[in-house]
Amino acid sequence: MSSLTAFRRRSLVALAGTAALTLALAGCSSTGGDDLSLDGIIVGTTDPVTSLDPAGSYDNGSFAVQNQVFPFLFNSPYGSPDVEPDIAVSGEFTTPTEFTVVLKDGLTFANGNALTASDVKFTFDRVIGIGDGNGPSSLLGNLDSVEAVDDTTVVFTLKAANDQTFEQVLSSPAGPIVDEEVFSATEITDPADIVEGNAFAGQYSITDYTQNELIQYEVNPNYDGVLGAAKTDSITTTFFADETSLKLAVQQGDVDVAFRSLSPTDVADLRTDDNVTVWDGPGGEIRYIVFNFNTQPYGAETAEADPAKALAVRQAMADVIDRAEVAEQVYNDTFTPLFSYVPSGLTGSNEALKSLYGDGNGGPDVERATARLADAGVTTPVVLNLQYSPDHYGSSSDDEYAAYASQLKETGLFTVNLQSTLWDTYSSERRTGAYPLYQLGWFPDYSDADNYLTPFFAPSPGEDGTLEPGGFLKNGYEDTAVDALLQQQLVEADDDTRKALIGQIQDAVATQLSTLPLLQGAGVAVTGTGIQGADDTLDASFKFRYAALSRG
């Protein structure tokens, strides 16, 4: 396929915890140790860091650190999912395949080294050249070359023209700008060398770093980007082995902020504490069931293959699943019901599934499901083989999928064989068609609606390079009309027209149900006396910025 979707291939991001963003702020002074500043803020987390070097990581824990200390050409300002120039003055297509970025004058790293177009070219060349297995090079699949025209001008030449997501890619894990005088061009750079070289140009610099134990941040006065100056001079991050230890640290005042992750039960307990306030905001993580179009009931490779009956089964499941019950009873509302393929908070999101299924208002409707199956000639009960991973998406997955199985069986329309497999095996077996219906989750690379559409529904290259249907899911879904819409929205420069196209894609897939969207992770902040700015951390960019926090 000579189209932009050919380049939209990525690995599934490993997710830990219960929501896209969960943090709890204790209303106590910082008392975590004699070496920690009482004037700063202490952050606790269970989210491990793979690499401080952006070329060697593609995970939430690493990106959370990198967001504090590296600048981007484009970034999302507080409160918006859309991006603006960060350390750039401008960025625009000067030809259909050339995206030209002009940097601000006089940029420097915290070590005093000039930050120029040469550093930008070096940054993207090394991500692609190193091609680390844990790195974000797949996000740059549409990038052909980078040219530093002069000290402040960079030209990105793209393989496919008019890529309307490229600004967002520049804000993604592939986008942190690094110092070519400190980082290696050919290898992942050791964190000790990065810290010693003070090779930072974001809102903070790192002054002390012990991987997955402690990080000390100090404000970088040289940062000149869209986010503005940090509100707190000093931040300390400490790492915890498990959710229980993190919650205990919050309760005892050993940390001011607990960020990724607290269990739903922990969050529910904190909601009952009169000394704290719970804040809820949008989150980018979604949970869904994947239908394998070949092996699901009446799938293309089954003995009773029948596309109309297969569709009726998918739609009847959508009629009877009660998302609100699971969100409340399993996740204590740290997740919210999801009725769209693009989550709430992103430009172009709609709730296409809400009126199409169940009672038309988000609730289940068994009668509607019964009629749907009968009209298609489906004999009930339909046997569903439903698979999930008990370890990858948190311990609550057991209760979540037990709830779905119970809801389906109670209708009398389905028999459910519920099975679980640990992620190491699950992640490979689900690609082979072994699971007719199965659990997956997704956290975006960047906050653009396309990141929830093209990777799922457009054909993507297989291991031999030939295109296979069903995106990274490899589930056999294909629709030429949807493919055309995906192509069109990727190159549509008019915002309103592109938004309408994104809506059309969601409407079309909602009738077909390649996947069944279930839940969206909510951003949760619990604040106590003296900590301010939590509402700014819960914005639609899905990035957590320490610089928004302050002690009142």
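Student: Which residues make up the packing of helix α14 (residues 480–491) against helix α15 (residues 495–512), and what values do they have?
Tutor: When two helices pack together, you describe them by how their axes are tilted relative to each other and by the distance separating the axes. Remark: α14 packs on α15, axes separated minimally by 9 Å, with the N-to-C direction vectors making an angle of 160°. The orientation of α14 relative to α15 falls into the category roughly antiparallel. The two elements α14 and α15 meet at a crossing, and its hand is left-handed. When α14 is examined against α15, the residues Val482, Leu485, Leu486, Gln488 and Gln489 are found in contact with a partner set consisting of Arg498, Leu501, Ile502, Gln504, Ile505, Ala508, Val509 and Gln512. Considering only residue class, the contact of α14 with α15 consists of eight nonpolar, four polar and one charged.

Student: Can you break down the sheet that holds strand β7 (residues 143–150) residue by residue, with the values?
Tutor: Consider a sheet: its strands pair through backbone hydrogen bonds, and that pairing is either parallel or antiparallel. One open sheet holds the four strands; their spatial order is β5-β6-β8-β7, and the pairing between them is antiparallel. With one partner strand each, in any of the chains shown, β5 (88–95) and β7 form the two edges of the open sheet. The mean angle between the axes of side-by-side strands here comes to 20°, regardless of whether they run parallel or antiparallel. As paired elements, β7 and strand β8 (residues 153–158) share six bridges and run antiparallel to each other. Bridging across to β8, Val146 finds its partner in Phe156.

Student: For the sheet that holds strand β16 (residues 382–388), give the residues involved together with the corresponding values.
Tutor: Spatially, the six strands line up as an open sheet ordered β15-β21-β14-β18-β16-β17, and their pairing is mixed. Edge positions in the open sheet fall to β15 (335–337) and β17 (414–420), since each of these has one partner strand only. In this sheet, adjacent strand axes meet at a mean angle of 30° when their direction is disregarded. Where strand β14 (residues 286–291) lies against strand β18 (residues 437–442), six bridges are found, and the strand directions are antiparallel. By the bridge assignment for β18, Phe291 is matched with Leu437.

Student: Can you tell me about the side chain of Asp319, naming the residues and giving the values?
Tutor: Inspection of the secondary structure puts Asp319 in helix α7 (residues 307–320). We classify Asp319 as buried; its relative accessible area is 0%. Polar contacts involving the side chain of Asp319 include one to the side chain of Arg372, which spans 2.8 Å. The residues contacting Asp319, other than those within four sequence positions of it, are Leu356, Tyr357, Gly358, Gly363, Pro364, Asp365, Arg368, Ala369 and Arg372.

Student: Any details on helix α1 (residues 60–69)? Residues and values, ideally.
Tutor: Of all ten residues in α1, ten are buried; the element is thus mostly enclosed. If you check which residues of α1 are buried, you get Asn60, Gly61, Ser62, Phe63, Ala64, Val65, Gln66, Asn67, Gln68 and Val69. Lining the buried residues of α1 we find β9 (204–210), β10 (214–219) and β12 (257–259). Regarding α1, its N-cap is Asp59, as a side-chain oxygen of that residue lies 3.3 Å from the backbone nitrogen of Gly61 further along.

Student: Residue-level account of the pairing of β8, with values.
Tutor: Where burial is concerned, most of β8 is hidden: six out of the six residues are buried. In β8, alternate side chains face the same way, and those of Thr153, Val155 and Thr157 on one face and Val154, Phe156 and Leu158 on the other are all buried. Note that strand β6 (residues 98–103) and β8 share five bridges and pair antiparallel. Bridged to Phe99 within β8 is Phe156. Following β7, the chain reverses through two residues before pairing antiparallel with β8.

Student: So what's going on with the environment of Gln489? Which residues, and what values?
Tutor: Inspection of the secondary structure assignment puts Gln489 in helix α14. With 324 residues separating them in the primary sequence, Gln489 and Thr165 have C-alpha atoms 9.7 Å apart. Not counting residues within four places of it along the chain, the set of residues in contact with Gln489 comprises Gln164, Asp450, Thr454, Arg498, Leu501, Ile502 and Ile505. A polar contact is formed between the side chain of Gln489 and the backbone oxygen of Leu486, at a distance of 3.2 Å.

Student: Now, about the packing of α7 against helix α10 (residues 366–375): what can you tell me, with residues and values included?
Tutor: Running from N to C, α7 and α10 cross one another at 175°; their axes reach a closest spacing of 8 Å. Viewed along their axes, α7 and α10 adopt a mutual orientation that is roughly antiparallel. Judged by residue contacts, Ala312, Val313, Gln315, Ala316, Asp319 and Val320 of α7 engage Val366, Arg368, Ala369, Arg372 and Leu373 from α10. Looking at the contact of α7 with α10 residue by residue, the classes come out as seven nonpolar, one polar and three charged.

Student: Any chance you could break down the pattern of salt bridges for me, citing the residues and the numbers?
Tutor: This structure, assessed with the given rule, holds eleven salt bridges. When the shortest N-O distance is used, the salt bridge between Lys104 and Asp224 registers 3.8 Å. Within this pair, whereas Lys104 is found in the loop between β6 and α2 (117–130), its partner Asp224 is found in the loop between β10 and β11 (234–239), the two being separated by 120 residues in sequence. Several salt bridges converge on common partners, so that one network encompasses Lys247, Asp266 and Asp269.

Student: Any details on the nonpolar core? Residues and values, ideally.
Tutor: In terms of nonpolar packing, the biggest core is built from 72 residues, with Tyr288, Leu384, Phe414, Leu440, Phe457 and Leu516 touching the most fellow members. When residues in this core are grouped by element, the largest group, seven residues, is from α7. For Leu516, the contacting residues outside a window of four places in its chain are Tyr288, Ile289, Phe291, Met317, Ala318, Ile321, Arg323 and Leu353. Within the second largest apolar cluster, 32 residues are counted, among which are Leu107, Phe109, Val154 and Tyr446.

Student: I'd like a description of the layout of surface pockets, backed by residues and values.
Tutor: Considering only enclosed or pocket space, the second largest pocket measures out at about 490 Å³ in volume. Surrounding the second largest pocket, 21 residues form its lining, Asp82, Gln164, Asp448, Asp495 and Arg498 being those nearest its centre. In terms of residues, the lining of the second largest pocket owes the most to one element, α15, which gives four residues. Taken together, the residues of the lining of the second largest pocket sort by class into nine nonpolar, four polar and eight charged.

Student: Account for unusual backbone geometry, naming residues and giving values.
Tutor: Residue Pro381 follows Thr380 across a cis peptide bond; omega there is 0°. Here the phi dihedral of Asn212 falls at roughly 60°; this positive angle occurs in a residue that is not glycine. The phi torsion at Lys474 lies on the positive side, around 50°, for a residue other than glycine. Take Lys474: it is sitting in the loop between β20 (467–468) and α14. Taking relative accessible area as the criterion, Lys474 reaches 18% and is therefore assigned buried.

Student: Which residues make up a negative patch on the surface, and what values go with them?
Tutor: Together, Asp82, Glu84, Asp494, Asp495 and Asp496 give the surface a local cluster of negative charge. Mapped onto the elements, Asp496 comes out in helix α15. Owing to a relative accessible area of 62%, Asp496 belongs among the exposed residues under this scheme.

Cut-offs and rules
- Residues numbered from 1 in each chain as written.
- Predicted model: local features only at pLDDT ≥ 70, side-chain atom pairs only at ≥ 80, totals over all residues.
- Heavy atoms only, no water.
- Axes fitted to C-alpha atoms, helices over the stretch in contact; angles between N-to-C directions.
- Helix = DSSP H or I, 4+ residues; strand = E, 2+ residues; numbered from the N terminus.
- Parallel < 35°, antiparallel > 145°, perpendicular 65-115°, else oblique.
- Left-handed = near helix turned anticlockwise from the far one by under 90°.
- Contact = heavy atoms within 4.5 Å.
- Nonpolar A, V, L, I, M, F, W, Y, C, P; charged D, E, K, R; others polar.
- Pairing = 2+ DSSP bridges.
- Buried < 20%, exposed > 50% of the residue type's maximum accessible area, 1.4 Å probe, protein only.
- Polar contact = N/O pair within 3.5 Å; in protein donor to acceptor, adjacent residues only side chain to side chain.
- Salt bridge = Lys/Arg side-chain N within 4 Å of Asp/Glu carboxyl O.
- Core = buried A, V, L, I, M, F, W, Y, C linked by side-chain atoms within 4.5 Å.
- 1 Å grid on protein atoms, 1.4 Å probe; cavity = no way out; pocket = protein on both sides within 12 Å on 5 of 7 lines; lining within 4 Å.
- Points joined across faces, edges and corners; volume = space filled by probe spheres on them.
- Patch = residues over 30% accessible without salt bridge, like charges linked within 9 Å, V, L, I, M, F, W, Y side chains within 5 Å.
- Areas by Shrake-Rupley, 256 points an atom, 1.4 Å probe, with all protein chains shown as cover.
- Lys, Arg positive; Asp, Glu negative; His and termini not counted.
- Charge placed at Lys NZ, Arg CZ, Asp CG, Glu CD.

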